[in-house]
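Below, each chain spelled out in residue letters.
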Amino acid sequence: MSTPLNDLSRHPIVQAPMAGGASCPELAGAVCEAGALGFLAGGYKTAGGLYQEVKRVRGLTARPFGVNLLMPPGGQAPDAAAVEVYRHQLSGEATWYETPLGDAEHGRDDAYEAKLAILLDDPVPVVSFTFGCPDRDALDAFARVGTFTIVTVTSVEEARTAERAGAGAVCVQGAEAGGHLGTHRDDPADGPAPGRGRGLLPLLTEVREAVRLPLVATGGIMRGRQIAAVLAAGADAAQLGTAFLACPESGAHPLHKRALTDPLFTHTELTRAFSGRPARGLVNRFMREHGPYAPAAYPEVHHLTAPLRKAAATAGDPQGMALWAGQGHRLARELPAGRLVEVLAEELDAALSVLPGTAATTESAGATGTPGPVGTPRTRSTS
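Residues numbered from 1 in each chain as written. Predicted model: local features only at pLDDT ≥ 70, side-chain atom pairs only at ≥ 80, totals over all residues. Heavy atoms only, no water.

Caption draft 1: Region of the structure containing the sheet that holds strand β1 (residues 13-15). Taking strand neighbours across the sheet as the criterion, the eight strands line up as β1-β9-β8-β6-β5-β4-β3-β2 in an open arrangement whose pairing is parallel. Strands with a single pairing partner mark the edges of an open sheet, and in this sheet they are β1 and β2 (38-41). In this sheet, neighbouring strand axes are inclined to one another by 25° on average, regardless of whether the strands run parallel or antiparallel. Alignment of strand β5 (residues 148-153) against strand β6 (residues 169-173), held across four bridges, turns out to be parallel. Bridging from a neighbouring strand, T152 pairs with C171 of β6. Sheet strands in contact with helix α7 (residues 156-165) are β5 and β6, and its direction is about 160° off that of β5. (Pairing = 2+ DSSP bridges. Helix = DSSP H or I, 4+ residues; strand = E, 2+ residues; numbered from the N terminus. Axes fitted to C-alpha atoms, helices over the stretch in contact; angles between N-to-C directions. Contact = heavy atoms within 4.5 Å.)

Caption draft 2: Spatial organisation of helix α14 (residues 337-353). Its 17 residues give α14 an end-to-end C-alpha distance of 24 Å, which sits within 8% of 24 Å, the value for a rise of 1.5 Å per residue. Within α14, 12 of the 17 residues are buried, which leaves it mostly tucked inside the rest of the structure. (Expected span 1.5 Å × (residues − 1). Buried < 20%, exposed > 50% of the residue type's maximum accessible area, 1.4 Å probe, protein only.)

Caption draft 3: Inspection of the pairing of strand β8 (residues 215-218) at higher detail. Across the two faces of β8 the burial is the same, with L215 and A217 and V216 and T218 all buried. Direction of pairing for β6 relative to β8: parallel, over a ladder of four bridges. Following the sheet pairing, V170 is matched in β8 by L215. Relative to strand β9 (residues 237-240), β8 is paired through three bridges, and the arrangement is parallel.

Caption draft 4: Local environment of the sheet that holds strand β10 (residues 268-271). Taking strand neighbours across the sheet as the criterion, the three strands line up as β7-β11-β10 in an open arrangement whose pairing is antiparallel. Single-partner strands in this sheet number two, and they are β7 (179-180) and β10. As paired strands, β10 and strand β11 (residues 279-282) are joined by four bridges and run antiparallel to one another. If you follow T271 over to β11, its bridge partner there is A279.

Caption draft 5: Structural detail: the environment of L340. Tracing the backbone shows L340 in helix α14. A relative accessible area of 1% places L340 in the buried class. Between the alpha carbons of L340 and R223 there is a distance of 9.8 Å; along the sequence they are 117 residues apart. If we ignore the near neighbours within four places in the chain, the residues touching L340 are A243, F244, C247, R333 and L335.

Caption draft 6: Quick look at the pattern of salt bridges. Tallied over the entire structure, the rule returns 17 salt bridges. Between E342 and R339 there is a salt bridge; the shortest N-O distance is 3.1 Å. With a gap of three residues between them, E342 and R339 both fall in helix α14, about one helical turn apart. A relative accessible area of 39% means that E342 is categorised as partly exposed. By relative accessible area, R339 is classed as partly exposed at 37%. Salt bridges here are not isolated pairs; linked through shared partners, they connect E93, R285 and E289. (Salt bridge = Lys/Arg side-chain N within 4 Å of Asp/Glu carboxyl O.)

Caption draft 7: Spotlight on the pairing of β11. Direction of pairing for β7 relative to β11: antiparallel, over a ladder of two bridges. Following the sheet pairing, G179 is matched in β11 by R280.

Caption draft 8: Broad picture of the environment of G251. The topology assignment puts G251 in the loop between α10 (242-245) and α11 (254-259). Spatially, the C-alpha atom of G251 lies 8.5 Å from that of G20, the residues being 231 residues apart in sequence. Beyond its immediate sequence surroundings of up to four residues, G251 is in contact with G21, A22 and C24.

Caption draft 9: Representation of the packing of helix α9 (residues 224-232) against α14 within the structure. Look at α9 against α14: their axes get within 7 Å of each other, and the N-to-C directions meet at 55°. Between α9 and α14, the crossing angle belongs to the class labelled oblique. The way α9 lies across α14 gives a crossing that is right-handed. On α14, the residues that touch G224, R225, I227, A228 and L231 of α9 are L344, E347, L348, A351 and L352. Residues of the contact of α9 with α14, tallied by class, amount to seven nonpolar, one polar and two charged. (Parallel < 35°, antiparallel > 145°, perpendicular 65-115°, else oblique. Left-handed = near helix turned anticlockwise from the far one by under 90°. Nonpolar A, V, L, I, M, F, W, Y, C, P; charged D, E, K, R; others polar.)

What follows is the structure in C-alpha cells.
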C-alpha cells in the first residue's frame, strides 16, 4: 500500500544529505526535478544560512525535498585533556599549512534549536535527523505542520527508539556508507580505530522484522541493481550519497570528486581523525598519521581540524582533506544529477523485470504496490 514516504517522489531514490557543502541547493533541486528525493544538509551551517538555502531550493523546484539536521551530542563533554593532546599532535599540520588550528570550544549544538524553529515556522516536506532521535514533542510538532520525519539508525535498538518517538520512517545506515556513521551514541570504548559496524543487508533485514515503519536503506549503494536488492530486503527506498558526489551540481571540492576514482586512493576506512566521530573516507596521509590517535570528541575535533582541511583544499592537497566516501566509490559516475537519477531508475527497472512478481515500473506517481511473496521487493504501481 502507498506510504507517505513513497508519495514524496516518482522513484524510490533519495539523495543523501552530505554535510560540508556537497548537498547544495543545486544538487537537491536537480535530483527532485528528475523524480527522486533531494536533500539539503543542515549540518555546519548557521540557522540563517540554512534558511537561505531552503529558499534557493524552492526557487529551483516545486517538488518535495528534505532537510537534514544533526542532533546535538548527548551525555558528558569529551575529555578535555585528550582533546588538548590531539591539538599538540596537530601542531605540525598547522605549521605545514600555515594556518592556526580551530577553536575546539566553538560550540556543540550546531544551532539545533534555531534550525528547528525555522523549519517549524516555514515547513519543508521532509526533515531527517542524524546522530540521535528527537523527542516525541519535536516529532509531533513536525507532524502537525505536515512535515514527514526520518531518523537515521544503525541498530535495531535505535530503530525501535525512533518508532516509539513517533518518527515517520527510519533510514537504516550500513557501515559501508561514506561520511559519518549516524550512531545515536558514540562510545569512546570503540577506541581510536572504531569497528566496522553492521553491514547494510543483515541490518536492514533485522530492522524490517523489528519495526513497522517505512525504511530507507543506505550504505555503499551505487547502482540500480543494488537499489533492487535493498527493496527485496524490505526497504521502501534507497539513499545514495557517494553516487551523487561526482555530479557537476554537487558542491564537493573538485579534488574530492577526482579522488573517488583516482587509483592513488585504493580503499576507505572508518576514522575519527577529522571530526572525533567515526566516519568513512578515502585513506590518505592525514588519516594514516592521525587516525590512530584521534579521541572520541565530536564536534571538538571537527572544529579543531576545520582550518587544516580548508587550507589543504586551498593548497590543492587531497592528502590533508576529509575525502568522505562509501565503499562503492570506484563506481562513481560523472553524470549530471538528473541524468544519474534516470540511469539509476532504468537500471532498477531492468533488475526488477527479471525477478518473479515484479512486473511493475518505478516511474509511477509514488504509490507502492501490494507486497509480493517473501523475498520479492514491493514495487510501484503503473497506474
